[in-house]
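Below, each chain spelled out in residue letters.
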Amino acid sequence: MGKTYERIDGRLRSFIEAQPLFFTATAPLSGDGTVNLSPKGLRGSFAILDELTLAYLDFAGSNAETIAHLRENGRITLMWCAFQGPPNIVRVHGRGEPVFRDDPRFADLLSHFPDIDPTRHGLRAIVVVTADTVRDSCGYAVPYMSYDGDRELHGKRFAREDDDSLSAYFAKKEHIATSLDGLPGLPLPLPPSTA
C-alpha cells in the first residue's frame, strides 16, 4: 500500500506536477494552538526545485497562519490527492520557510514560476519546503472529481492593488500580522519586492 521515497523524481514528480490542487498543514508548538489546513491552487504557482525542495507562491488571503507557524517552528506537510486517474495520495513532510519579498533569494526563486503572473494575486511570499519524508498511500476512498479550471476571482480582486493598497488591506485584517494564536505573521507593511 504505502511507500516511502528518498526523493521526488520520476513518476512521483510527474504525479505531483499534474495536480491542480494541493493542501498545506501546519501547527504551532503550543498543544492548544490552532492547527491550520489550507487548499492551494492556481496553475503555475507551485514548483519542484530539486529532488527534495519544493516551493509555492503565497498569495493574498484573509489570514497568515501558515506563515506564522513556519516562522515559529518550520514544520509543514504538503498533500496531493488523485481526483482523476489511478488512486493515489502523496504527502511531503518537511521544513518550510517563508521567503519574503525583500529577501535576496526572492527574485531567483520567483524565476521558477514562469507560467503565472504573481502581480495579479497579491504575492506576499514564496514558501520553500525541504522534504524530510516523502510517502504515498492508496487513495482508494478519494472520490473522482473533475478539474474545470482555475477561478478568476482571486486575480480579479487583487490585480487592482499596488504595494501600498495591499499593505493597507492586510493591516485591516485581524489575522495577517498576527496569527489566531498571537504568533508573528506577515511582516507589515509589505517589504518592497527584490524581483
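Residues numbered from 1 in each chain as written. Predicted model: local features only at pLDDT ≥ 70, side-chain atom pairs only at ≥ 80, totals over all residues. Heavy atoms only, no water.

Colleague: Would you mind going over unusual backbone geometry with me for this structure?
Modeller: A negative phi holds for most residues other than glycine; trans holds for most peptide bonds. With omega at -5°, the peptide bond leading from L188 into P189 counts as cis. By the element assignment, P189 lies in the segment after helix 5 (163-172). A positive phi angle is found at L42, which is not glycine, with a value near 75°. With respect to the element layout, L42 can be found in the loop between strand 3 (36-40) and strand 4 (46-50). (Helix = DSSP H or I, 4+ residues; strand = E, 2+ residues; numbered from the N terminus.)

Colleague: Any chance you could explain helix 5 here in plain terms?
Modeller: Note that an α-helix has 3.6 residues per turn; residues three or four places apart therefore point the same way. Within helix 5 the residues assigned to the buried category are L166, S167, Y169 and F170. The arc that holds every buried residue of helix 5, seen down its axis, measures 160°, which confines them to one face. Facing away from the buried side of helix 5 by over 90 degrees, the exposed positions are D164, A171 and K172. In this structure, the buried side of helix 5 is in contact with helix 4 (153-158). (Buried < 20%, exposed > 50% of the residue type's maximum accessible area, 1.4 Å probe, protein only. Arc of directions from axis to C-beta. Contact = heavy atoms within 4.5 Å.)

Colleague: Got a minute to help me understand the layout of surface pockets in this structure?
Modeller: Summary: where empty space remains is shown by rolling a probe the size of a single water molecule over the atoms. Estimated volume of the largest pocket: approximately 1,100 Å³. In this structure, the largest pocket is lined by 43 residues; those nearest its centre are L21, P39, K40, G41 and L42. Of all the elements in the fold, those that place two or more residues in the lining of the largest pocket are helix 1 (10-18), strand 3, strand 5 (53-58), helix 2 (65-72) and helix 4. Among the elements that take part in the lining of the largest pocket, strand 3 stands out by supplying four residues, more than any other. Here the residues of the lining of the largest pocket are counted per class, giving 20 nonpolar, 15 polar and eight charged. (1 Å grid on protein atoms, 1.4 Å probe; cavity = no way out; pocket = protein on both sides within 12 Å on 5 of 7 lines; lining within 4 Å. Points joined across faces, edges and corners; volume = space filled by probe spheres on them. Nonpolar A, V, L, I, M, F, W, Y, C, P; charged D, E, K, R; others polar.)

Colleague: Help me understand the pattern of salt bridges in this model?
Modeller: When their charged atoms lie close together, side chains carrying opposite charge are able to pair. Enumeration over the complete set of coordinates arrives at ten salt bridges. One salt bridge in this structure joins R101 and D163, with 2.8 Å as the shortest N-O distance. Within this pair, whereas R101 is found in the loop between strand 7 (89-100) and helix 3 (106-110), its partner D163 is found in helix 5, the two being separated by 62 residues in sequence. The partly exposed category is assigned to D163, whose relative accessible area is 35%. Connected via shared salt-bridge partners are E6, R7 and E51. (Salt bridge = Lys/Arg side-chain N within 4 Å of Asp/Glu carboxyl O.)

Colleague: Please clarify how the packing of aromatic side chains should be interpreted in this entry.
Modeller: The way to describe two aromatic rings as a pair is by their centre distance and the angle between their planes. With the rule as written, the count across this model stands at six aromatic pairs. Here the basic side chain of R124 rests over the ring of F170, its NZ or CZ set 5.6 Å away from the ring centre. (Phe/Tyr/Trp six-rings, centres within 6.5 Å; stacked < 30°, edge-to-face > 60°. Lys NZ or Arg CZ within 6 Å of the ring centre and 35° of its normal.)

Colleague: How do you make sense of the pairing of strand 7 when you look at a structure like this?
Modeller: One face of the sheet, then the other: side chains in a regular strand alternate in exactly this way. Pairing of strand 6 (residues 75-81) with strand 7, which is carried by seven bridges, proceeds in the antiparallel orientation. Following the sheet pairing, C81 is matched in strand 7 by I89. Where strand 7 meets strand 8 (residues 125-137), twelve bridges bridge the pair, whose relative direction is antiparallel. Note on strand 8: the bridge partner recorded for V92 is V134. (Pairing = 2+ DSSP bridges.)

Colleague: For this particular structure, what's the right way to read the nonpolar core?
Modeller: Soluble globular proteins: nonpolar side chains tend toward being buried together. I16, F46, L54, L78, W80 and V92 are the most contacted members of the largest nonpolar core, which has 21 residues in total. Of all the secondary structure elements, the ones that give two or more residues to this core are helix 1, strand 4, strand 5, strand 6, strand 7 and strand 8. Sort the elements by how many residues they give to this core and strand 8 lands first, with four residues. The residues contacting I16, other than those within four sequence positions of it, are I8, F46, I48, W80 and V90. Within the second largest apolar cluster, 14 residues are counted, among which are L42, V99, L110 and V128. (Core = buried A, V, L, I, M, F, W, Y, C linked by side-chain atoms within 4.5 Å.)

On their own, these measurements won't tell you what the molecule is for.
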